Amino acid sequence: MSETRLAVNDVSVEFTGLRALDHVSLSVLTGEVVGLIGPNGSGKTTLINAITGQVKLAGGTITAGDITLSGLSPRRIALAGVSRSFQIVRLFNTMTVLENVEAAALAKGASRGAATERAKSLLDELGLSAKVDELGESLSYGDKRRVEIARALAAEPRFLLLDEPAAGMNDAETETLLHTLSELPRKRGLGLLIIDHDMGLIMRLCHRLHVLASGRTIAEGDAAHVRSHPDVIEAYLGKGAAHA
Ligand SMILES: Nc1ncnc2c1ncn2[C@@H]1O[C@H](COP(=O)(O)OP(=O)(O)O)[C@@H](O)[C@H]1O
Ligand SMILES: [Mg+2]
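What you see as residue numbers is a count from 1 along each chain, following the sequence as written. Chain labels run from A onward and ligand labels from 1 onward, assigned in the order the entries are written. Two thresholds apply to this predicted model, a pLDDT of at least 70 for residue-level local features and 80 or more for giving and counting side-chain atom pairs, whereas whole-chain, interface and lining totals are computed over all residues. The basis for every side-chain value is the complete set of heavy atoms in the structure, and neither hydrogens nor water enter the calculation.

- Per an unreviewed UniProt entry, the chain carries the name Amino acid/amide ABC transporter ATP-binding protein 1 (HAAT family) and comes from Shinella granuli.
- As recorded by UniProt, the Sequence similarities (unreviewed entry) comment attached to the chain reads in full: "Belongs to the ABC transporter superfamily." UniProt positions are given in the numbering used here, feature names are shortened, and annotations may be inferred rather than shown by experiment.

As structure tokens, then:
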């Protein structure tokens, strides 16, 4: 499969009285894992919402390969090969785990048989084979998050955007998730953009990091570069703490 680039070019997003993203540019190649980090309220979720068409742009463009995503509906963007998970899990509570994942494959146009097959194989890959017949609502928090990732993968995306997938997971669940996620780019040829507060997970998983603060890019590069960047230290510690 040829290499493709998801490119966010000079993107701004405005809410009433607030510039949530201010001329942000970022790119993710297929096969690559990019971490999106920054303090609470820095615009991370808004950037994913902008890519997937959930919020309108005040400026800039977003492309995946030669397709312009900005201006398309969320459904069209998903069909163009960009899938996401949500910070707050969205599962069908009264459907089984298998049905939840099948539904996502059917939405992408798979036949019934192909959808079942794809769902089973993804659930196996995510370590959820024993839970296929359980209802969405009966799952532990960590399992719900994994089903959400299986749902996103069922659309066979070129780019997968994950909003805090390890939130609420214990250490063992996070370790399993790290292992699963680290294999996705190579196994599926996809590009991964991941937001998480677990710096251990981010630093071990990501090839590159992009740091936002107050809607602006303050640093980008590898873990060592970002970790020692004065603006990043300042953004995380706050002005008061930096002088304490
Ligand atoms: N739909 C919205 N309407 C108004 N303000 C919003 C909306 N979504 C996010 N914001 C604001 O935009 C800023 C960035 O939010 P968000 O992208 O959720 O940050 P993060 O994910 O980095 O914690 C915050 O100040 C937040 O309150
Ligand atoms: Mg967020």
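**Points about the layout of surface pockets**
Part 1: Grid points spaced at 1 Å over the protein atoms alone were grouped into cavities, where a 1.4 Å probe fits but cannot get out, and pockets, open sets with protein on both sides within 12 Å along at least five of seven lines, with lining residues defined by an atom within 4 Å of a point. Grid points are joined across faces, edges and corners, and a volume is the space filled by probe spheres set on the points. For the largest pocket, the calculated volume is near 590 Å³.
Part 2: Around the largest pocket sit 22 residues that line it, and Ala78, Ser83, Arg84, Phe86 and Arg151 are the ones nearest its centre.
Part 3: In this text, helices come from DSSP runs of H or I with a minimum length of four residues, and strands from runs of E with a minimum of two, each type numbered from the N-terminal end. Broken down by secondary-structure element, the contributors of at least two residues to the lining of the largest pocket are α2 (74–79), β6 (82–84), α3 (97–107) and α5 (141–154).
Part 4: Sort the elements by how many residues they give to the lining of the largest pocket and α2 lands first, with five residues.
Part 5: Partitioning the lining of the largest pocket into residue classes produces twelve nonpolar, four polar and six charged. Residue polarity is assigned by list, with Asp, Glu, Lys and Arg as charged and Ala, Val, Leu, Ile, Met, Phe, Trp, Tyr, Cys and Pro as nonpolar; anything else, Gly included, falls into the polar class.

**A closer look at helix α1 (residues 44–51)**
Part 1: Exposure categories follow from relative accessible area, calculated using a 1.4 Å probe and restricted to protein chains: below 20% of the type maximum is buried, above 50% is exposed, and the middle band is partly exposed. Of all eight residues in α1, seven are buried, a share of seventy percent or more.
Part 2: Of all the positions in α1, only Lys44, Thr46, Leu47, Ile48, Asn49, Ala50 and Ile51 are classed as buried.
Part 3: Of the residues trailing α1, Gly53 is marked for its positive phi of about 85°.

**Some thoughts on the pairing of strand β1 (residues 5–15)**
Part 1: Two strands qualify as a pair provided that DSSP identifies no fewer than 2 bridges between them. Two strands pair when backbone bridges link them, and β1 and strand β2 (residues 18–29) are joined in this way by eight bridges, in the antiparallel orientation. What sits directly across from Val8, in β2, is Leu26.
Part 2: Connecting β1 to the antiparallel partner β2 that follows it, the hairpin turn spans two residues, and Gly17 within it adopts a positive phi of roughly 75°.
Part 3: Pairing geometry for β1 and strand β4 (residues 59–64), over five bridges, is antiparallel. For Val8, the partnering residue across the bridge sits in β4 and is Ile62.

**So, the sheet that holds strand β8 (residues 191–195)**
The pairing of strands in a sheet happens through backbone hydrogen bonds and is either parallel or antiparallel.
Part 1: Here we have six strands laid out as an open sheet, ordered β6-β7-β8-β3-β9-β10, and mixed in their pairing. Each edge of the open sheet is held by one strand with a lone partner, namely β6 and β10 (216–221). Between one strand and the next, the sheet's axes are offset by a mean angle of 20°, whatever the strand orientation.
Part 2: Bridge count for β6 against strand β7 (residues 159–163) is three bridges, and the pairing is parallel. When the bridges of β7 are listed, Arg84 appears paired with Leu161.
Part 3: Note on definitions: a residue-residue contact is assigned when non-hydrogen atoms from the two residues lie within 4.5 Å. All axes are obtained by fitting lines to C-alpha atoms, using only the stretch in contact for helices, and the reported angles, taken between N-to-C directions, cover 0 to 180 degrees. Here α5 sits on the sheet and contacts β6 and β7; the angle it forms with β7, its principal contact strand, is near 155°.

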